[in-house]
Amino acid sequence: MGKIIWGIFWMVIAFFMIRYRGRIYNFTGPWGWIERYLGPGRTPVAIVLLAIVLFFVGITIMTGFSEKMLGGMDRIF
């Protein structure tokens with residue numbers, strides 16, 4: 001049951017990161033290292049990419065696939 005809760009938690013965080021990426025950008029400002037690699041003005045794109053990664057992390061935790069990937073290290077979550 002805990003895996004389902006943690007998975008949903010990360011998926012909800014990802015949703016809100018995509019929904020409020022403008023506010024996150026206004027709060028944090030441009031991320032220099034991202035702008036260097038992706039180009040100027042690409043911090044909101046990086047926020048969305050991070051949210052997508054977190055969404056899939058939530059799915060892997062819910063399905064138990066993280067146990068196979070991490071070799072039992074999912075006890076951290």
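What comes next is a walk through the structure. Note that the structure is predicted; figures quoted are calculated from it, not measured.

Thresholds, definitions, all that
- Position labels on residues start from 1 in each chain and follow its written sequence.
- It should be noted that, the model being predicted, local features are given only for residues of pLDDT at least 70 and side-chain atom pairs only at 80 or more, the latter also being counted only at that level, while totals for whole chains, interfaces and linings use all residues.
- As a rule here, side-chain values cover all heavy atoms of the structure and leave hydrogens and water aside.
- Here, nonpolar core means buried Ala, Val, Leu, Ile, Met, Phe, Trp, Tyr and Cys residues that are tied together by side-chain atoms lying within 4.5 Å of each other.
- For each residue, the accessible area found with a 1.4 Å probe, counting protein chains only, is set against the maximum for its type, and the residue is called buried under 20%, exposed over 50%, and partly exposed in between.
- Helix and strand assignments come from DSSP, with helices taken as H or I runs of at least 4 residues and strands as E runs of at least 2, each series counted from the N terminus.
- Contact between two residues is taken to exist if any of their heavy atoms lie within 4.5 Å; hydrogens are not considered.
- The patch calculation keeps residues exceeding 30% relative accessible area without a salt bridge and links them within 9 Å when they carry like charges or within 5 Å when they are nonpolar (Val, Leu, Ile, Met, Phe, Trp, Tyr).
- Accessibility throughout is a Shrake-Rupley quantity obtained with a 1.4 Å probe, and a residue counts as covered only by protein chains that appear here.
- Each reported salt bridge corresponds to a side-chain nitrogen of Lys or Arg within 4 Å of a carboxyl oxygen of Asp or Glu.

## Observations concerning the nonpolar core
Working step 1: Counting five residues, the largest nonpolar core is built from Ala 14, Met 17, Ile 47, Ala 51 and Leu 54.
Working step 2: At three residues, helix H4 (residues 43-63) tops the list of elements feeding residues into this core.
Working step 3: Non-local contacts of Ala 51, meaning those with residues more than four positions away in its chain, are made with Ala 14, Met 17 and Ile 18.

## Overview of the environment of Ala 14
Working step 1: Locating Ala 14 in the fold gives a position in helix H1 (residues 2-19).
Working step 2: Beyond its immediate chain neighbours, meaning those up to four positions away, Ala 14 contacts Ala 51, Leu 54 and Phe 55.

## Some points on a nonpolar patch on the surface
Working step 1: Taken together, the side chains of Met 1, Ile 4, Ile 5, Ile 8, Val 12, Phe 15, Phe 16, Tyr 20 and Met 62 define a hydrophobic patch exposed on the protein surface, amounting to about 860 Å² of accessible area.
Working step 2: In terms of residue count, the dominant contributor to the nonpolar patch is H1 (six residues).
Working step 3: By the secondary structure assignment, Met 1 is in the segment before H1.

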